[in-house]
Amino acid sequence: MVNIAVLGYGTVGSGVVEVINTNHNSINKRAGEDINIKYVLDLRDFPGDPVQEILVHDYEIIANDPEIDIVVEVMGGIEPAYTFVKRALESGKSVCTSNKALVAKHGPELMEIAREKDINFLFEASCGGGIPIIRVLNSSLTADEIDEITGILNGTTNYMLYKMSTEGSEFDTVLKEAQEKGYAEADPTADVEGYDACRKIAILSSLAYGRFLNYETIYTEGITKITPEDMAYAKELNMTIKLLATSRKVGEDSFYAMVAPFLLGQNSPLFSVNGVFNSVFVHGNVLGDAMFYGSGAGKLPTASAVVADVVDEAKHLHRNIMTNWTSRPLQLMEMDEVEGRFFVRVKGSTVDEVEKAFGKVEIVNLKDLPGEFAFICGPMKQGEYKEKAKMLNGKVLTMIRVKD
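Described in the following lines is the structure provided in the data block. These numbers were taken from a predicted model, which means no experiment stands behind them.

Structural notes on the side chain of aspartate 230
Okay, step 1: Summarising the element assignment, aspartate 230 is placed in helix H11 (residues 228-236).
Okay, step 2: Take aspartate 230: its relative accessible area is 0%, and that puts it in the buried class.
Okay, step 3: In contact with aspartate 230, not counting residues within four places along its chain, are Lys225, Ile241, Arg345, Thr398 and Ile400.

Quick look at the environment of asparagine 154
Okay, step 1: With respect to the helices and strands, asparagine 154 occurs in the loop between strand E7 (146-152) and helix H7 (155-167).
Okay, step 2: For the pair asparagine 154 and glycine 92, spaced 62 residues apart in sequence, the C-alpha to C-alpha distance is 34 Å.
Okay, step 3: Residues within four places of asparagine 154 in sequence aside, it is in contact with Asp191, Asp196 and Asn278.
Okay, step 4: Side-chain polar atoms of asparagine 154 contact the side chain of aspartate 196, separated by 2.9 Å.

Notes on the sheet that holds strand E4 (residues 68-73)
Okay, step 1: Pairing in this open sheet of 6 strands is parallel, and the strands run E3-E2-E1-E4-E5-E6 from one edge to the other. The strands lining the two open edges of the sheet, one partner per strand, are strand E3 (55-56) and strand E6 (121-122).
Okay, step 2: Summarising the sheet, strand E1 (residues 2-7) and strand E2 (residues 35-41) pair through 6 bridges and their orientation is parallel. Within the sheet, the bridge partner assigned to leucine 7 lies in E2 and is leucine 41.

A few points about the packing of H7 against helix H8 (residues 171-180)
Each packed pair of helices is defined by two parameters, the angle between the axes and the distance between the axes.
Okay, step 1: Here H7 crosses H8 at 130°, and the two axes come no closer than 9 Å. By the criterion of interaxial angle, the relationship of H7 to H8 is oblique. As for how H7 packs across H8, the hand of that crossing is right-handed. Where H7 abuts H8, its residues Tyr159, Met160, Lys163 and Met164 lie against Phe171, Val174, Leu175, Glu177 and Ala178.
Okay, step 2: A breakdown of the residues in the contact of H7 with H8 according to their chemical character gives 7 nonpolar, no polar and 2 charged.

What about the packing of aromatic side chains?
Okay, step 1: Per the counting criterion, the structure on display carries 12 aromatic pairs.
Okay, step 2: Their ring planes at 75° and their centres at 4.9 Å tell us that tyrosine 9 and phenylalanine 46 sit as a pair that is edge-to-face. Taken as a pair, tyrosine 9 in the loop between E1 and helix H1 (11-22) and phenylalanine 46 in the loop between E2 and E3 lie far apart in primary sequence, 37 residues in all.
Okay, step 3: Of the residues examined, tyrosine 9 reaches a relative accessible area of 10% and is grouped as buried.
Okay, step 4: Residue phenylalanine 46 is classed as buried on the basis of its relative accessible area, which comes to 16%.
Okay, step 5: When the ring of phenylalanine 342 is compared with that of tyrosine 385, the centres are 4.8 Å apart and the planes differ by 25°; the resulting orientation is stacked. Remark: tyrosine 385 occurs in helix H14 (residues 382-390) and phenylalanine 342 occurs in strand E15 (residues 339-347); sequence separation between them is 43 residues.
Okay, step 6: A residue is classified by how much of its surface remains accessible, and phenylalanine 342, at 2% relative accessible area, is buried.
Okay, step 7: Judged by relative accessible area, tyrosine 385 falls into the buried class, the value being 6%.
Okay, step 8: Taken together, the ring pairs connect Phe121, Phe123, Phe212 and Trp325 into an aromatic cluster.

A short note on the pattern of salt bridges
Okay, step 1: Overall, the coordinates contain 25 salt bridges when judged by the stated rule.
Okay, step 2: In this structure, glutamate 221 and arginine 401 form a salt bridge, with 3.2 Å as the shortest nitrogen-oxygen distance. Taken as a pair, glutamate 221 in the loop between strand E9 (219-220) and H11 and arginine 401 in strand E19 (residues 396-403) lie far apart in primary sequence, 180 residues in all.
Okay, step 3: Judged by its relative accessible area of 24%, glutamate 221 is partly exposed.
Okay, step 4: Taking relative accessible area as the criterion, arginine 401 reaches 5% and is therefore assigned buried.
Okay, step 5: Put simply, glutamate 387 and lysine 390 hold a salt bridge, and the shortest N to O gap is 3.4 Å. Note that glutamate 387 and lysine 390 are positioned in helix H14 at a spacing of 3 residues, about one turn of the helix.
Okay, step 6: Lysine 390 gets classed as exposed once you look at its relative accessible area, which sits at 55%.
Okay, step 7: Within the structure, one salt-bridge network assembled from shared partners comprises Glu124, Arg135, Asp309 and Asp312.

Points about a nonpolar patch on the surface
Okay, step 1: On the surface, Phe277, Met291 and Tyr293 cluster together into a nonpolar patch covering about 280 Å² of accessible area.
Okay, step 2: Take methionine 291: it is sitting in strand E13 (residues 288-295).

Observations concerning the pairing of strand E11 (residues 255-265)
Okay, step 1: Counting buried residues in E11 gives 10 out of 11 residues, a clear majority hidden from the surface.
Okay, step 2: In terms of strand pairing, strand E10 (residues 239-249) meets E11 through 11 bridges, oriented antiparallel. The partner of methionine 239 across the bridge, within E11, is glycine 265.
Okay, step 3: Direction of pairing for E11 relative to E19: parallel, over a ladder of 3 bridges. Its bridge partner being in E19, leucine 264 is matched across the sheet by lysine 403.

Thoughts on unusual backbone geometry
Okay, step 1: Look at the link from glutamate 79 to proline 80: it is a cis peptide, with omega at 5°.
Okay, step 2: Of note, proline 80 is situated in the loop between E4 and helix H4 (81-90).
Okay, step 3: Of note in this structure, asparagine 238 is not a glycine but carries a positive phi near 60°.
Okay, step 4: Tracing the backbone shows asparagine 238 in the loop between H11 and E10.

Here we look at the side chain of threonine 157
Okay, step 1: Turning to its location among the elements, threonine 157 is positioned in helix H7.
Okay, step 2: In this structure, threonine 157 is in contact with Asp191, Val192, Ile223 and Leu243, ignoring residues within four places of it in sequence.

The rules behind each value
Residues numbered from 1 in each chain as written. Predicted model: local features only at pLDDT ≥ 70, side-chain atom pairs only at ≥ 80, totals over all residues. Heavy atoms only, no water. Helix = DSSP H or I, 4+ residues; strand = E, 2+ residues; numbered from the N terminus. Buried < 20%, exposed > 50% of the residue type's maximum accessible area, 1.4 Å probe, protein only. Contact = heavy atoms within 4.5 Å. Polar contact = N/O pair within 3.5 Å; in protein donor to acceptor, adjacent residues only side chain to side chain. Pairing = 2+ DSSP bridges. Axes fitted to C-alpha atoms, helices over the stretch in contact; angles between N-to-C directions. Parallel < 35°, antiparallel > 145°, perpendicular 65-115°, else oblique. Left-handed = near helix turned anticlockwise from the far one by under 90°. Nonpolar A, V, L, I, M, F, W, Y, C, P; charged D, E, K, R; others polar. Phe/Tyr/Trp six-rings, centres within 6.5 Å; stacked < 30°, edge-to-face > 60°. Salt bridge = Lys/Arg side-chain N within 4 Å of Asp/Glu carboxyl O. Patch = residues over 30% accessible without salt bridge, like charges linked within 9 Å, V, L, I, M, F, W, Y side chains within 5 Å. Areas by Shrake-Rupley, 256 points an atom, 1.4 Å probe, with all protein chains shown as cover.

What follows is the structure in structure tokens.
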């Protein structure tokens, strides 16, 4: 028997208990052991819920129980999650978590402790919810050198942008609707400012490139400035706007990473990823293109990924599963050196003035927006774009990157 303790009985924690109870027989068969939930830790009580029989309020009970083999951390946040997880690993208990903030900040340290103790620290559910992308990067694509990861990694913003695109709604309107449907938190800052996606691309990039990418070094831009007018231009171009988290290897030892809204054409595999769904695009030098799609959040999809880690750890109780992630830092190139194309809206300018600054561009006009027009320029470095934009003397309304 493998005894586990679940830290947190919120949305994901209750989902973990539900998944294990619902699929008990098949999970035990895959693990080769009987998975037994011995404790659930939470500060609250749950009268009438069977979990009350195994509920504890003091982490010391779990920390000091030598029968606990695996700790499942689904509390969220950095503290006390970090303290609890580190203690569990140091005492020889494997840990799995859905906590992207914890993994993005302390992943290398916690994985090193697990390696030293010959146990495991797994975090499949921290990126993409139910999409098994971390296991793929860690196990399935080991013959490849990954040179790009690009994903729609936040269901809240993807839902909001899709509604803005299809209904022409304002940002504040779709945010309120997302909150009413439970897709957005009361404080949506982490989602709409891109911080959630930033942590996820940091984790995925660290695994793909084998070095620690500190999320605090990633250029991050949210969706709060996207307007219905931007969406109207995108529709005129047969394109759409998505919040992408992307990282890319562009030379022998040169990398960039960013989170920002992008214009996507219909040829992009991410063009049709709508609603609260997530998707991750990976390019490898042998495999070529691959895409992984599924529910990026939600109680049961996330819990499913957590329980998959529990099964993996039960099968490798005293044997560390190798991961391609070291503590050596991944240095990013300056954003001004990153090359791309740019969609630009201008007001009070002329085509001649724009082409004098940018050269030949693709012009887009909307009859409902007199006095302004938009253009897409050719490839150039971001620093070069900034210099050219200055030549338009404050007439730029919006700039959105174009994903080629």
